[in-house]
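Here is what each chain is made of, one letter per residue.
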Amino acid sequence: MIPEIEKSLNDQIQHEAKASAQYLSMACWADVNGYNGIAEFFYTQSEEERVHMTKLVKFINERGGKAVIPAIEKPKDDFHSLMELFETFLSSEEFVTQQINNVIFQCLEHKDYNVHNFMQWYVAEQLEEEASARTLLDKLKIIGDDKSGHYMFDRDINKMLPAEENN
Ligand code: OFO
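Residues numbered from 1 in each chain as written. Predicted model: local features only at pLDDT ≥ 70, side-chain atom pairs only at ≥ 80, totals over all residues. Heavy atoms only, no water.

1. Remarks on helix α4 (residues 113–143)
Note the threshold: The helix and strand labels rest on DSSP assignments: H or I over at least four residues marks a helix, E over at least two residues marks a strand, and numbering proceeds from the N terminus. Expected helix span is given by 1.5 Å per residue-to-residue step, counting one fewer step than there are residues. What is called the bend at a residue is the angle between a pair of axes, fitted to the seven residues leading up to and ending at it and to the seven starting from it.
Under the 1.5 Å per step criterion, the end-to-end length of α4 is 45 Å for 31 residues, consistent within 8% with the ideal 45 Å. At Met119, α4 shows its largest bend, some 30 degrees. Downstream of α4 by a residue or two, Gly144 has a phi angle that is positive, lying close to 60 degrees.

2. Here's the deal with the pattern of salt bridges
Stated precisely, the cut-off is as follows: Between Lys or Arg on one side and Asp or Glu on the other, a salt bridge is scored when a side-chain nitrogen of the former is within 4 Å of a carboxyl oxygen of the latter. Each residue is placed in one exposure class: buried if its accessible area under a 1.4 Å probe, protein chains only, is under 20% of its type's maximum, exposed if it is over 50%, and partly exposed if it falls in between.
Here the structure, examined in full by the defined rule, presents seven salt bridges. Between Lys74 and Asp77 there is a salt bridge whose closest N-O contact spans 3.0 Å. A relative accessible area of 65% means that Lys74 is categorised as exposed. The exposure class assigned to Asp77 is partly exposed, which follows from its relative accessible area of 42%. One salt bridge connects Glu130 with Arg134, and the closest N-O pair in it is separated by 3.0 Å. One end of the pair is Glu130 and the other is Arg134, both in helix α4 and four residues apart, which spans about a single turn. We classify Glu130 as buried; its relative accessible area is 12%. A single salt-bridge network, built from bridges that share partners, covers Glu94, Glu130 and Arg134.

3. Things to note about the packing of helix α2 (residues 36–62) against α4
The condition is simple: Here an angle of 0 to 180 degrees is reported between the N-to-C directions of two axes, which are lines fitted to C-alpha atoms, with helices fitted over the stretch in contact. Here the word oblique covers every angle except those under 35 degrees (roughly parallel), over 145 (roughly antiparallel) and from 65 to 115 (roughly perpendicular). Residue contacts follow a heavy-atom distance rule, with two residues in contact if any of their heavy atoms lie within 4.5 Å. Think of it as three bins: nonpolar holds Ala, Val, Leu, Ile, Met, Phe, Trp, Tyr, Cys and Pro, charged holds Asp, Glu, Lys and Arg, and polar takes everything else, Gly as well.
Running from N to C, α2 and α4 cross one another at 170 degrees; their axes reach a closest spacing of 12 Å. In terms of their interaxial angle, α2 and α4 are classed as roughly antiparallel. Residue-level contacts link Phe41, Gln45, Glu48, Glu49, His52, Lys55, Leu56 and Phe59 of α2 to Val115, Phe118, Trp121, Tyr122, Glu125, Glu129 and Leu136 of α4. Residue composition of the contact of α2 with α4, grouped by class: eight nonpolar, two polar and five charged.

Printed below as a string of structure tokens:
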């Protein structure tokens, strides 16, 4: 495996692990604040990010590289509003997309079409997740400070996304 690409894939492990920890922390915040639907949504997101991380770990090791499991800093765990919670979700996804784009660019520079091909799965995944985050933020903007709106948002969060994102 090309050392520069191995390094970038290992960095990507860290980004996925960080997203997983961040979403777990967001699930906890939602859980203790009475938003059970939102908590379930972020518990699931957290698990998904862990799967993304493990997929990278296995890929690196199978291709003769060495995956490194990183230390993760404490995620943000206090939010002033649902809006802030979902803004954090969107900015985390935008950051990860940017990092994936960098890996793809590097693959093209090194003509590593194998890793380039592997990373396409992440590109598709990011498109979906960014779209979810934007959809949910747009709904929250419509709801504003309305408490019964927040109640319904929490109750219906999983129904508001396209079917393939509901599992
Ligand atoms: Fe790993 O899928 Fe988003 O961040």
